[in-house]
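# Analysis of the macromolecular model
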Amino acid sequence: MYESFYNLACPPFQNTPNPRFFFETEQHREALAKLEYTVRNRRGFALVTGEIGSGKTTLVRTLIRRLGNDARVALVNNTRVSAEQLLRLICQELGVEEALNHRDKASVVAHIRRFVEHQAGVGRNVVIVIDEGQCLSIDEFEELRLLTNLESDTEKLLQLLILGQPELRDTLRHARLAPLIQRICMYCHLQPMSFNDTTRYIAFRLVRASHGRPDVDFSREALNVIHQYTKGVPRLVNLCCDNALLVGYSNDTRLIDSSIVRRALAQMMPNFDGQMTDIVDELPSGQEIDDGRRL
Ligand SMILES: Nc1ncnc2c1ncn2[C@@H]1O[C@H](COP(=O)(O)OP(=O)(O)O)[C@@H](O)[C@H]1O
Ligand SMILES: [Mg+2]
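A brief report on the enclosed structure follows. Please read these numbers as outputs of a predicted model, since none were measured by experiment. (Residues numbered from 1 in each chain as written. Chains lettered and ligands numbered in written order. Predicted model: local features only at pLDDT ≥ 70, side-chain atom pairs only at ≥ 80, totals over all residues. Heavy atoms only, no water.)

## Some thoughts on the site of ligand 1
- Taken together, 21 residues surround ligand 1, and among them Phe 23, Gly 53, Lys 56, Thr 58 and Arg 205 come closest.
- In this structure, an oxygen atom belonging to ligand 1 sits 3.3 Å away from a main-chain N or O atom of Ser 54.
- Arg 205 places a side-chain nitrogen or oxygen 2.8 Å from a nitrogen atom of ligand 1.
- About the coverage of ligand 1: the protein hides 96% of its 550 Å² of free accessible area. (Near = heavy atom within 4 Å. Polar contact = N/O pair within 3.5 Å; in protein donor to acceptor, adjacent residues only side chain to side chain. Areas by Shrake-Rupley, 256 points an atom, 1.4 Å probe, with all protein chains shown as cover.)

## Looking at the side chain of His 28
- Along the chain, His 28 turns up in helix 1 (residues 26-40).
- Filtering out sequence-adjacent residues up to four positions away, His 28 remains in contact with Phe 22, Phe 23, Ser 54, Gly 55, Leu 59 and Leu 190. (Helix = DSSP H or I, 4+ residues; strand = E, 2+ residues; numbered from the N terminus. Contact = heavy atoms within 4.5 Å.)

## A few points about the packing of aromatic side chains
- What the rule picks out here adds up to 5 aromatic pairs.
- Their ring planes at 70 degrees and their centres at 5.7 Å tell us that Tyr 2 and Tyr 6 sit as a pair that is edge-to-face.
- With relative accessibility at 0%, the residue Tyr 6 sits in the buried group.
- Ring centres 5.3 Å apart and planes at 45 degrees place the aromatic pair Phe 23 and Phe 204 in the tilted group. Taken as a pair, Phe 23 in the segment before helix 1 and Phe 204 in helix 8 (residues 195-208) lie far apart in primary sequence, 181 residues in all. (Phe/Tyr/Trp six-rings, centres within 6.5 Å; stacked < 30°, edge-to-face > 60°. Buried < 20%, exposed > 50% of the residue type's maximum accessible area, 1.4 Å probe, protein only.)

## Remarks on helix 10 (residues 234-250)
- With 17 residues, helix 10 extends 24 Å from end C-alpha to end C-alpha; this agrees with the ideal 24 Å at 1.5 Å per step.
- Lining the buried residues of helix 10 we find helix 8, strand 6 (217-218), helix 9 (220-230), strand 7 (255-256) and helix 11 (258-266).
- Just downstream of helix 10 lies Asp 252, where phi reads positive at about 55 degrees. (Expected span 1.5 Å × (residues − 1).)

## Quick word on a nonpolar patch on the surface
- On the surface, a nonpolar cluster with roughly 310 Å² of combined accessible area is contributed by Met 1, Leu 246 and Tyr 249.
- Relative to the assigned elements, Leu 246 resides in helix 10. (Patch = residues over 30% accessible without salt bridge, like charges linked within 9 Å, V, L, I, M, F, W, Y side chains within 5 Å. Salt bridge = Lys/Arg side-chain N within 4 Å of Asp/Glu carboxyl O.)

## Here's the deal with the nonpolar core
- Residues Ile 90, Ile 112, Ile 130, Phe 141, Leu 144 and Ile 162 are the most contacted members of the largest nonpolar core, which totals 35 residues.
- For this core, the secondary-structure elements that each account for two or more residues are strand 1 (45-50), strand 2 (71-76), helix 3 (83-94), helix 4 (105-121), strand 3 (125-130), helix 5 (138-148), strand 4 (158-164) and helix 6 (168-172).
- If we skip the residues at most four places from it in the chain, Leu 144 touches Leu 86, Ile 90, Ile 130, Leu 136, Leu 160 and Ile 162. (Core = buried A, V, L, I, M, F, W, Y, C linked by side-chain atoms within 4.5 Å.)

## Some details on unusual backbone geometry
- One non-glycine residue, Arg 42, lies in the positive phi region at around 50 degrees.
- Positive phi, close to 55 degrees, is recorded for Glu 132, a residue that is not glycine.
- Relative to the helices and strands, Glu 132 resides in the loop between strand 3 and helix 5.
- A relative accessible area of 31% means that Glu 132 is categorised as partly exposed.

Now the structure itself:
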C-alpha cells in the first residue's frame, strides 16, 4: 500500500519466513553455520530453541534453501499428531510412498532405511526438520530416536533438526529421553536482537525491499522506542515497523520519528499488553489517531 511512497518494490516487514530477507546477526549466522555443518558432516541431531518470533523457522528455511539439491528434506510443521502419524508424515514429506502401504512400524522404518541408504549412495543427505517441537510428546521423541539409529559404521545416515520454543527443553529432560539427549551434537538458543542488530535489521530489510535506495529514515529515538517495546524480537519488530510505515504514509512523511512509532504501537495494543500505559501517556493529549479514537 505504502511501497511506492517510500520507493520500495515490495513490503519490507512481512511476517513470513522468507530466506530472501534473512538477516545474519552474529547468532543467526553461527546457528546457520552449525546447522549446515551438522547436515553436511552427518553428525546426527541438532536442537534449536527460541521464543516465539525469534527466527527459528526463518533460519531453517534459509538452511533448506542453502542445501538445495544436496539434501532431501522432510519439513514437519504439524506436531500435534500421534507418534504413528508423525512417522507417516515424515514418509510423505520424503516421498517414501511405499512405506505408507504398511501398518507395522518395522516395515515403515525398513523402507526409510532403504531410502536413506540409497540417498547416501548418491551423495545426498537426508534431513528431517521438526518445527514447533515443543508440541511433541515423549512417545514421538522416542519414535524420532529410532530414526536416529539409522547409521553406517562411520556416520549418521539421517540428520534430525528439531526447533521449538524454550519449554521444549523441559520435555527433553524426561528420563526416557536420556538416550536421545546424548545424541545432540549441536544446540543453540536464539536470543532477541540487541539494539544495534535491530537497527541493522531494519535497514537491511528496507534495502532488500527497495529498488536500491529506500526513501525513508528512522530517527535514532524512533529506533530506541522500537527496540524498547519489541525487545528485539524480529516478528514484533516487523509488526511495529510495518505499522510505523503506514502511519508515516498516512501523514505524508518519510521521516519515521518516535511519535510516529508510538502511534503505531498504540494501534498494536494486544501485542504489547502490559507495556502500553506509558505509550498512551506519552502521546500528545487529544491526538487523533488513524482509527479515529482519541487518546
Ligand atoms: N534472521 C532473520 N532475518 C530476517 N527476518 C527474520 C529473521 N528472523 C526472524 N525474521 C522475521 O521474523 C518473523 C518471525 O520469525 P520466525 O522465523 O517465524 O520465528 P519463530 O519460528 O522463532 O517463531 C519471520 O516471519 C521473519 O520475517
Ligand atoms: Mg516458527
